[in-house]
Every structure is written in C-alpha cells, then in structure tokens.
Amino acid sequence: MAAPRQLRCDVFIDASEGLEMIRICPSILNANFDDLPNEIRKVAEVSDLLHLDVMDDIFVPNFTFSLERSLEIIQSSLLPVDVHLMISEADTKAVSYAAKNTASITVHYEACEDPVATLRSIRHSGKRAGLAIKPNTPVTVLEEILDEIDMILVMSVEPGFGGQSFMEAMMPKVQQARHWLRQKGYKETWLQVDGGISLSTIRMAARAGADTFVAGSAVYKADDPAQMIRELRAEAGRR
Ligand code: DX5
Ligand code: ZN
C-alpha cells in the first residue's frame, strides 16, 4: 500500500456544492437503553437510518451491545439500521450483523487484517459496506480501495463515547475523500461523519463534503429529538 501523503489542511473550499442527498442517522448511544423501542419511535419518522454503535471493550474502552442484543435491536427497529462496529476481529464478525433490517455494516480500517476481503464479505451478505477511519488514521489508506466501499466514515471524535467535542481538524480528510469520489466518479458512495455533530458543527461537515451525518447526544439530549433532526437536516442543506 502506498505511503500516506500529507494533506493540505490550509485550504477550505466548499465541497458541498452539488450534493443532493442528506442523510441524518441518530445514534442511540446516548438514548435510554432500557426503553429503546420508544427512543427509536421518537425519531423514526424524520430519520433516514438508525445508527447502532457496537462496542466490545477491546477495540474501544466501552461496551454497548452483544451480538444477540444488537440483532434484537436491528430486528425490532422501525428504521433501517446503520451498524457501526467498534469491535476487534471485525473481519470474521462483521457479517453476523447482516439481518433483515440491516442497511449497512461499517468496520474500522484499524480493526481489520484484510479490509478489502471484509468489505467484500459485507457486500456479499447483501448489505452496504462501510469503512471507518479513526482520527489518527490518514485518509490516504482509502484511496486505492474506493471500489470496495459503499460508505466512508470519517470519525470526528475518538471512537468509544458519545458527547465528545467535534474535531474540526478532521474536515480536510472529508474534503479529500469527497474530491476523490467526484474525480473518480463514485456517485453511489456515501460519505459519513460521526462524532460531535450538532447544530453548530454539522455545517462544517457538510461544507467539507459529507452527505451522511451521525448525531447522538445532540438528538437525545434535545427536548424534542424529532425537531432536532429536522433542524440538523436544514442546517446541513443550507446553502
Ligand atoms: C462514538 C460513536 C458515535 C456517538 C456519537 O464512538 O461512534 O456514533 O454515538 O455521539 P455524539 O453525537 O454525542 O458525538
Ligand atoms: Zn458511531
């Protein structure tokens, strides 16, 4: 694999030009785990996908759901589910999350021994294949394997916890990924940002070229989660 190249971080152009589709994916990480059906119902009508954060206390220092519990949530979800796997041994475990309501399965580049084989196995299971990069992972690791990816996830916090501050310094990675997708003609590849998305940060991610946004605490700490999602969508799409 080619050595990571240095990105130019000093130029910030508006890469959102021409983006038609905006997807808002509420994360239930900060929702009430004891009442998930109701928590999901609050956002179902206004969201595109439900973002499910699976953590194993190995890849990240936090645990959320076992495979069995994840499948229960996926099967009973009113929304298609965007599964974000923050687990080790992702190569062998990813396809276990392919259930009827699963829309996409995202694995971390850092958790895979063979990202390409893993992405292919996810596609083979009939689901969209996502590849996530942590803040310290250069976006250049994606350039040669864009063909295998249905959704790029640029983490804008260290994975593991909700409620952290948005890392604006990740936006040049989003911008670079958008540039490649345009230049190489990948019209169906989604570009997701996850971590610290709120009314005051979503526009930065959208301007950098993201089209798919995860929001956890901004949604579930709001008095009216559905209204917050409407506002986030409007803010992301504002020209
Ligand atoms: C963090 C998770 C996120 C988290 C986002 O590791 O991947 O999906 O739920 O939460 P907020 O929006 O609060 O940063
Ligand atoms: Zn996530």
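Residues numbered from 1 in each chain as written. Chains lettered and ligands numbered in written order. Predicted model: local features only at pLDDT ≥ 70, side-chain atom pairs only at ≥ 80, totals over all residues. Heavy atoms only, no water.

## Some details on the sheet that holds strand β6 (residues 151-155)
Hydrogen bonding along the main chain pairs the strands of a sheet, whether they run parallel or antiparallel. Reading across the sheet, the 8 strands line up as β1-β8-β7-β6-β5-β4-β3-β2 and stay open at both edges, with parallel pairing between neighbours. Every other strand in the sheet has two partners, leaving β1 (23-26) and β2 (50-55) as the edge strands with one partner each. Neighbour-to-neighbour, the strand axes of the sheet open up by a mean angle of 25°, direction not taken into account. Against the sheet, helix α4 (residues 115-124) makes contact with β4 (102-108) and β5 (128-133), and its axis sits at roughly 150° relative to β5, the strand it touches most. Against the sheet, helix α8 (residues 225-237) engages β1 and β8 (212-215), with an angle of about 145° to β1. (Pairing = 2+ DSSP bridges. Helix = DSSP H or I, 4+ residues; strand = E, 2+ residues; numbered from the N terminus. Axes fitted to C-alpha atoms, helices over the stretch in contact; angles between N-to-C directions. Contact = heavy atoms within 4.5 Å.)

## What about the coordination of the zinc ion (ligand 2)?
Distances from the zinc ion (ligand 2) to its protein donors, H51 (NE2), D53 (OD), H84 (ND1) and D194 (OD), fall within 2.0 to 2.3 Å. In this structure, the zinc ion (ligand 2) is surrounded by 6 donor atoms whose angles at the metal cover 71 to 171°, and the resulting shape is octahedral. For the zinc ion (ligand 2), all donor residues lie on one chain, and their spacing in sequence is H-x1-D-x30-H-x109-D. Here D194 lies in strand β7 (residues 190-194) and D53 lies in strand β2, a separation of 141 residues in the sequence. Residue D53 shares its accessibility class with D194, and that shared class is buried. (Donors = N, O, S within 2.8 Å, 3.2 Å for Na, K, Ca; no water. Tetrahedral: all angles 85-135°; square planar, octahedral: opposite > 155°, others 65-115°. Buried < 20%, exposed > 50% of the residue type's maximum accessible area, 1.4 Å probe, protein only.)

## Considerations on the pattern of salt bridges
On inspection of all chains with the given rule, the structure shows 11 salt bridges. Across the pair E39 and K42 runs a salt bridge, and its minimum N-O distance is 2.6 Å. Residue E39 and its partner K42 are located together in helix α1 (residues 36-44), separated by 3 residues, close to a single helical turn. Note on E39: relative accessible area 7%, which makes it buried. K42 sits in the partly exposed class, given a relative accessible area of 39%. Taking the shortest distance from any N to any O, the salt bridge between K184 and E143 comes out at 3.6 Å. In this pair, K184 sits in helix α5 (residues 171-184) while E143 sits in the loop between β5 and β6, placing the two residues 41 residues apart along the sequence. Since its relative accessible area comes to 38%, K184 is described here as partly exposed. We classify E143 as buried; its relative accessible area is 18%. (Salt bridge = Lys/Arg side-chain N within 4 Å of Asp/Glu carboxyl O.)

Everything listed here is a matter of coordinates, which is why it stays silent on function.
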